[in-house]
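Breakdown of the fold
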Amino acid sequence: MKIIVAIKQVPGPDAQVRIDATGKWIEESDLQFALNESDAYALEEALQLKEKHGGEVIVVSAGPERVGTTIREALAKGADRAIQIACDDLGTRDALGVSRLLAAAIKTENPDLILTGLQSEDLGLGQTGVIVAELLGLPHATLILHVEVLDGAGTQAQIKVKRELEEGWFQTIELPTPAVLTIQSGGNKLRYATLMGIKRAKTKEVRQLTAAELGVDSAPVVLLEQVSMPQRKKSTQMLPGNAQEAATALVEKLKFEVRVL
Amino acid sequence: MSGILVVQEAGRKRISFEALAFGRRLAELTGLAVETAAVGDPNETIFVETSGPPIPTSHAVRHSLLEKYTSDGYVPAFEQLIRKLEPSYVVFPHTYQSRDYVPRLATRFGQVLISDITGIEAGPIFIRQLVQGKLTGAYRHQGDGPCFLSIQAGAFPADPPQAGKTIILTFQPEIAPSDIRTRPSEPFRGGSQTVDLGSAQLIVSVGRGIKDAANIPIVQELATALGAELAASRPICDNGWLPMERQVGSSGQTVSPKLYLAIGISGAIQHLVGMKGSQCVVAINKDPDAPIFEVADYGIAGDLFEVVPALTAAVKAAKQ
Ligand SMILES: Cc1cc2nc3c(=O)[nH]c(=O)nc-3n(C[C@H](O)[C@H](O)[C@H](O)COP(=O)(O)OP(=O)(O)OC[C@H]3O[C@@H](n4cnc5c(N)ncnc54)[C@H](O)[C@@H]3O)c2cc1C
Ligand SMILES: Nc1ncnc2c1ncn2[C@@H]1O[C@H](COP(=O)(O)O)[C@@H](O)[C@H]1O
């Protein structure tokens, strides 16, 4: 089974994000970047499928040069090779613009499965995988926790996936391949890269592509015009002092104002 | 029509009516008229029950192949309805269902869904969260073609119902059985639910700030001292540090305790929707700009590894 996993590099969970000088995006210098969390689960699912059924796992990522580090991380965890789409204008492309890049790069590979994360932690669009499916004319399923390969030859469905619904409900979906799945976090336990893996990653192929080579222009229909700090709606009473003082002050509040002690 | 089409979801009345409330705000700003549409027959409650002044026209999208939700069925059905009505805006509630098919639907029109909207300003400018709520983004739609929007739960309060008459038109799309490539099962509940966080009065909830499974006892001790239930954000349960049934949020439990103490939780919207009904929210977070402080009554900006043990000791002392 040939599986492509779309991975995105995003600001790390502990990153202090600040607004940049244009007021249209975040200041990227001094920022720590990491692999998007649900993409890590998509990669894990792909690696486990490969371990069970054989085949190849290829990661694809679009972005500036820095995404190379996240690609290496994926290769160190066990992906076989990578496609890096050089693209410095990620911030001004809309979801369709990014999806066109990914779809063009994926198309020539003819994979059986395309996995993406459910949602990116910076833009939080939750759309890219679904749009890629439409661009490639493939069926899709979203919010997937597990993928099972069905072996009954001759049946229409080739995979059965477990989909998360709201508030603790689930469903299964059977669908033919090739297909696109967007992976929700939590379905598997994530692996760490081993030393051996890190060493091997250095020798693995990373194919470099550009937007121009893929023949994809970027005129967006949706524009992010401005970013700002959120406004506080509720007046939060901050309790000052060191840990001891703040804790004592909070206990007073819990006792006399919230009345739960 | 060149108006505003608000698509409702039969099983999700509340958030559908919130999307309708948003549609009315958009109508005020643009001077356009609102119509609604939903999949189902005209006797479906989503058409019968109202929210706010009656909508003059509703469209009941009916087809035997739409009885079970699939994106393969919904995309062509709404594509045909939108081509017929030619609305300028199409509004959806942001649900697991709409996020499954609307991006695909928008692509058919060369458009991009502006998803998970929390606010609207003159322009119209659409406001949504970025970087997990740490920042706010202002978006504009440009060019021709319908503008697709989805509305976050709780952002636009639904209007109280008013009496009146709505004309319900049936729309029968053309869909072939071979269009439907996916076979969904009936929904089922995951695992056994042995903890009932929904009725807990006091909740201590822990997030990724706890860093490691080995540190969970720090918050467990505080919960025990308070006589509170222990809950968690999603990554804690994803990692298996606490069982899934203790997860609070859109894909976990919804809670409304007297006290919700959020420790090392950033306050992503999917978490907030599960605990917004709490009477008193206390947040402990080392980042003074963490979005959780936007919904907290009391906040301590500090390191949980210092604050929580101090708090546990202070609670124990107060209870003696
Ligand atoms: C469809 C969908 C459904 C989802 N459903 C849910 C759901 O049901 N429930 C849910 O919770 N999430 C859900 N999520 C995930 C959600 O978007 C967030 O990723 C998640 O809530 C973040 O968890 P967190 O706050 O624990 O972690 P983070 O966002 O990583 O935040 C950790 C926080 O800890 C603070 N911190 C770090 N170290 C310390 C320290 N020493 N002392 C004090 N503070 C510290 C940091 O400042 C930070 O604010 C869902 C996401 C999607 C896309
Ligand atoms: N620039 C990118 N490069 C590779 N994959 C991406 C990129 N942007 C988005 N994706 C994938 O699409 C998913 C959803 O992203 P989004 O639609 O931005 O929420 C992510 O989790 C990634 O798997």
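1. Re the overall build of chain B
Assigned secondary structure in chain B consists of eight helices and 16 strands. Counting only C-alpha atoms and orienting by the principal axes, one finds that chain B spans roughly 70 × 45 × 40 Å. Looking at chain B residue by residue over its 320 residues, the buried ones come to 60%. Expressed as a percentage of contacts within chain B between residues at least 6 apart in sequence, the contacts between residues at least 24 apart total 66%. Working note: accessible area of chain B is about 12,300 Å², and carbon and sulfur atoms make up 50% of it.

2. A short note on the site of ligand 1
Near ligand 1 lie 35 residues; those nearest to it are S233, S251, S266, Q270 and N285 of chain B. Residues near ligand 1 are shared among chains A and B, making this a multi-chain site. A distance of 3.0 Å separates an oxygen atom of ligand 1 from a polar side-chain atom of Q247 of chain B. Looking at the shell around ligand 1, the elements with two or more residues in it are α4 (96-108), α6 (234-238), α7 (269-275) and α8 (304-319) of chain B. Lining the shell around ligand 1 are residues from two domains, each supplying at least three of them: domain 1 (4-179) and domain 2 (197-319) of chain B.

3. Let's talk about the pattern of salt bridges
Residues and elements named next belong to chain B. For the structure on display, the rule yields 29 salt bridges over all chains. A salt bridge links K13 to E49; the shortest N-O distance between them is 2.9 Å. You can see K13 sitting in helix α1 (residues 13-30) and its partner E49 sitting in the loop between α2 (45-48) and β3 (57-61), a full 36 residues away along the chain. We classify K13 as partly exposed; its relative accessible area is 29%. Judged by its relative accessible area of 35%, E49 falls in the partly exposed class. The shortest N-O distance in the salt bridge between R83 and E79 comes to 3.0 Å. Of this pair, R83 and E79 both sit in helix α3 (residues 71-85), four residues apart, which is roughly one turn of the helix. On the basis of relative accessible area, R83 is assigned to the partly exposed category, the value being 44%.

4. A closer look at the interface of chain B and chain A
How big an interface is tends to be stated in terms of the accessible area lost upon association of its parts. Taken together, the contact between chain B and chain A spans 82 residues of the former and 85 residues of the latter. Summed over both partners, the interface of chain B with chain A buries about 7,500 Å², with 55% contributed by carbon and sulfur atoms. Here chain B and chain A share eight salt bridges between them. Our count for the contact surface shared by chain B and chain A stands at 43 residue pairs in polar contact (both at pLDDT 80 or more). When residues of the side of chain B that touches chain A are assigned to their parent elements, the largest contribution, eight residues, is made by α8 of chain B. Taken together, the residues that form the side of chain B that touches chain A break down as 35 nonpolar, 23 polar and 24 charged. Across six bridges, the pairing between strand β12 (residues 222-228) of chain A and strand β7 (residues 135-141) of chain B is antiparallel. From the neighbouring strand, L223 of chain A faces β7 of chain B, where its bridge partner is R140 of chain B.

5. A look at the packing of aromatic side chains
All names here are of chain B. By the definition in use, this model includes 10 aromatic pairs over all chains. With 5.7 Å between their ring centres and 45 degrees between their planes, F109 and F148 make a pair best called tilted. Separated by 39 residues along the polypeptide, F109 in the loop between α4 and β5 (114-121) and F148 in strand β8 (residues 147-151) bring together distant segments of the chain. Just as F109 is buried, F148 falls in that class too. The ring centre of F109 lies 4.3 Å from the NZ or CZ of R83, which sits over that ring.

6. Overview of the confidence of the model for chain B
With 99% of its residues at a pLDDT of at least 70, chain B reaches an overall mean of 95. In the model output, the complex is listed with pTM 0.96 alongside ipTM 0.95.

7. A look at the environment of P161 of chain B
Relative to the helices and strands, P161 of chain B resides in the loop between β8 and β9 (167-171). Put simply, P161 of chain B and E49 of chain B are 112 residues apart on the chain and 7.8 Å apart in space, counted from C-alpha to C-alpha.

8. Some points on the sheet that holds β9 of chain B
Read across the open sheet, the 10 strands follow the order β12(A)-β7(B)-β6(B)-β5(B)-β8(B)-β4(B)-β1(B)-β2(B)-β3(B)-β9(B); overall the sheet is mixed. Two strands close off the open sheet at either side, each with one partner strand: β12 of chain A together with β9 of chain B. Neighbouring strand axes in the sheet, compared pairwise and without regard to direction, differ in orientation by 35 degrees on average. Two strands pair when backbone bridges link them, and strand β1 (residues 4-8) of chain B and strand β4 (residues 89-93) of chain B are joined in this way by three bridges, in the parallel orientation. What sits directly across from V6 of chain B, in β4 of chain B, is V91 of chain B. On top of the sheet, α1 of chain B reaches β1, β2 (34-39), β4, β5, β6 (125-130) and β8 of chain B; it is set at about 175 degrees to β1 of chain B, its chief contact.

9. Notes on the site of ligand 2
Residue and element names in this part refer to chain A. Neighbouring residues of ligand 2: 20 residues in total, closest A6, D39, S120, G126 and T128. Within the side chain of N36, an N or O atom sits 3.2 Å from an oxygen atom of ligand 2. Between ligand 2 and the protein, one listed contact pairs an oxygen atom with a side-chain N or O atom of S120 at 2.7 Å. Starting from 480 Å² of accessible surface for ligand 2 in isolation, the protein chains cover 98%. When residues in the shell around ligand 2 are grouped by element, the largest group, three residues, is from strand β4 (residues 56-63).

10. A word on unusual backbone geometry
Residues apart from glycine generally show negative phi values, whereas peptide bonds are mostly found in trans. Residue P178 of chain A follows T177 of chain A across a cis peptide bond; omega there is -5 degrees. Topologically, P178 of chain A is positioned in the loop between β9 (169-175) and β10 (179-183). With an omega dihedral of -10 degrees, the bond running from G123 of chain B to P124 of chain B counts as a cis peptide bond. Among the secondary structure elements, P124 of chain B is positioned in the loop between β5 and β6. Non-glycine residue D30 of chain A carries a positive phi angle of around 65 degrees. Within the element layout of this structure, D30 of chain A appears in the loop between β2 (9-11) and β3 (33-35).

Calculation notes
Counting restarts for each chain: residues are numbered from 1 in the order of the written sequence. Here the convention is simple: chains get letters from A, ligands get numbers from 1, in the order in which they are written. Predicted model: local features are reported for residues with pLDDT of at least 70 only, side-chain atom pairs are reported and counted for 80 or more only, and whole-chain, interface and lining totals are derived from all residues. Remark: hydrogens and water are excluded; side-chain values derive from all non-hydrogen atoms of the structure. Numbered from the N terminus, helices here are DSSP runs of H or I no shorter than four residues, and strands are runs of E no shorter than two. When accessible area is computed with a 1.4 Å probe and restricted to protein chains, residues below 20% of their type maximum are described as buried, those above 50% as exposed, and intermediate ones as partly exposed. Residues are treated as being in contact if the distance between any of their heavy atoms lies within 4.5 Å. In these tables, accessible area is a Shrake-Rupley quantity obtained with a 1.4 Å probe, and a residue counts as shielded only by the protein chains included in the view. The cutoff for a nearby residue is simple: one of its non-hydrogen atoms must lie within 4 Å of the molecule or strand. As used in this structure description, the phrase polar contact means that two N or O atoms lie within 3.5 Å; if the pair is within protein, one of them must be able to donate a hydrogen and the other to accept it, and residues adjacent in sequence are counted only when both atoms belong to side chains. Boundary definitions for the domains trace back to an automatic or database domain assignment. Salt bridge, as applied in this entry: a Lys or Arg side-chain nitrogen positioned within 4 Å of an Asp or Glu carboxyl oxygen. Here the quantity called buried area is the total loss of accessible area, with a 1.4 Å probe, experienced by two parts when brought into contact, counted for both. The residue classification treats Ala, Val, Leu, Ile, Met, Phe, Trp, Tyr, Cys and Pro as nonpolar and Asp, Glu, Lys and Arg as charged. All others, Gly included, are polar. The pairing criterion is simple: DSSP has to find at least two bridges between the two strands. Aromatic pairs are defined between Phe, Tyr and Trp rings, using the six-membered ring for Trp, whenever the two ring centres lie within 6.5 Å; interplanar angles under 30 degrees are classed as stacked, those over 60 as edge-to-face, and all others as tilted. Only Lys NZ and Arg CZ are tested; either one counts as a charge over a ring when it is within 6 Å of the ring centre and within 35 degrees of the ring normal. Each residue carries a pLDDT value, the predictor's own confidence for that position, ranging from 0 to 100. To get an axis, fit a line to the C-alpha atoms, keeping to the stretch in contact for a helix; angles then go from 0 to 180 degrees between the N-to-C directions.

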